[in-house]
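Observations on the model geometry
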Amino acid sequence: EVQLVESGGGLVQTGGSLRLSCVASGFTFGDFSIGWFRQAPGKEREGVSCISYIDGNTYYADSMEGRFTMSSDNAKNTVYLQINDLKPEDTAVYYCAVGRRYSGLYYVHNPRYLDVWGQGTLVTVSS
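This section reports on the structure supplied with the text. Keep in mind the model is a prediction, meaning the values are calculated, not measured. Along each chain, the written sequence defines residue order, and numbers are assigned to residues from 1. It should be noted that, the model being predicted, local features are given only for residues of pLDDT at least 70 and side-chain atom pairs only at 80 or more, the latter also being counted only at that level, while totals for whole chains, interfaces and linings use all residues. Values reported for side chains reflect all heavy atoms of the structure, with hydrogen atoms and water molecules removed beforehand.

Here's the deal with the overall build of the protein chain
Let me state the cut-off plainly: Only runs of H or I of at least four residues qualify as helices and only runs of E of at least two qualify as strands under DSSP, and these elements are numbered from the N terminus. Put simply, the radius of gyration uses C-alpha atoms, and a globule should come to 2.2 Å times the residue count raised to 0.38. Each residue gets one of three labels from its accessible area relative to the maximum for its type: buried under 20%, exposed over 50%, partly exposed in between, using a 1.4 Å probe on protein chains only. By definition, residues are in contact when any of their heavy atoms lie within 4.5 Å.
Within the protein chain, the regular secondary structure consists of one helix and 11 strands. Listed by position from the N terminus, the elements making up the protein chain come as β-β-β-β-β-β-β-β-β-α-β-β. A compact globule built from 127 residues would reach a C-alpha radius of gyration of about 14 Å, and the protein chain, at 13 Å, matches this within 12%. Principal-axis analysis of the C-alpha atoms places the extent of the protein chain at approximately 40 × 25 × 25 Å. Burial analysis of the protein chain (127 residues in total) assigns 46% to the buried set. By sequence separation, contacts in the protein chain at least 24 residues apart represent 60% of the contacts at least 6 residues apart.

So, the state of the cysteines
In plain terms, the rule: Disulfide assignment relies on a single distance test, namely cysteine sulfur atoms paired within 2.5 Å.
In total, this model carries one disulfide according to the counting rule given. Of all cysteine sulfurs in the structure, the one in C96 sits closest to C50, which takes part in no disulfide; the separation is 9.0 Å.

Topic: the pattern of salt bridges
The following threshold applies: By definition, a salt bridge exists where a carboxyl oxygen of Asp or Glu is found within 4 Å of a side-chain nitrogen of Lys or Arg.
Here the structure, examined in full by the defined rule, presents five salt bridges. Put simply, R38 and E46 hold a salt bridge, and the shortest N to O gap is 2.8 Å. Judged by its relative accessible area of 9%, R38 falls in the buried class. Exposure remark for E46: the relative accessible area of 30% places this residue in the partly exposed category. Linked by salt bridges that have partners in common, R38, E46, R67 and D90 make up one network.

Examining the sheet that holds strand β7 (residues 68–73)
Under the convention used in this document: When DSSP finds two or more bridges between a pair of strands, those strands are recorded as paired. Every axis in this analysis is a line fitted to C-alpha atoms, fitted for helices over the stretch in contact. Angles between the N-to-C directions lie between 0 and 180 degrees.
The strand order across the open sheet built from four strands is β1-β3-β8-β7, with neighbouring strands paired in antiparallel fashion. Whereas interior strands pair on both sides, the edge strands pair on one side only; in this sheet they are β1 (3–7) and β7. With strand direction ignored, the average angle separating the axes of adjacent strands in the sheet is 20 degrees. In terms of strand pairing, β7 meets strand β8 (residues 78–83) through six bridges, oriented antiparallel. The residue bridging S72 from the neighbouring strand is V79, located in β8.

Description of the side chain of S49
Within the fold, S49 resides in strand β5 (residues 46–51). Setting aside its immediate chain neighbours within four residues, S49 contacts G35, W36, F37, Y59, Y60, M70, L81 and V108.

Description of the nonpolar core
Put simply, the rule is: Only buried residues count toward a nonpolar core. Its members are Ala, Val, Leu, Ile, Met, Phe, Trp, Tyr and Cys residues joined through side-chain atoms within 4.5 Å.
One finds L4, I34, W36, V79, L81 and Y94 to be the most contacted residues of the largest nonpolar core, which totals 35 residues. Top contributing element to this core by residue count: strand β9 (residues 92–99), with five residues. When near neighbours in sequence (up to four residues on either side) are disregarded, V79 contacts L20, S21, C22, F29, I34, W36, I51, M70, S71, S72 and C96.

Written out as structure tokens, the structure reads:
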């Protein structure tokens, strides 16, 4: 069974930082694109970043470049999302998700086509 478990969310003041983690299990890590996605209250789920299983590159949604950095530790089947200079508009549930068919470039712009999602971790940024 494929499982993704996120952690690291919480309540943070504007300007603070967080590092989210996602531990994956139940599949060969390198056979899936894996990334971070978020859903703010009242908004559609959007991509943040995604590592492509095809070439290993990390792709970011245009609006996410700069303050967001995704990294991975393949030996631990874990990916991370470092978020700096948090803003109130970053408040959202952050999800880890994987897809087995396509590039991370595709998934970061089309999160609805991913295959398996974690439960999410809530990031709340206070003003």
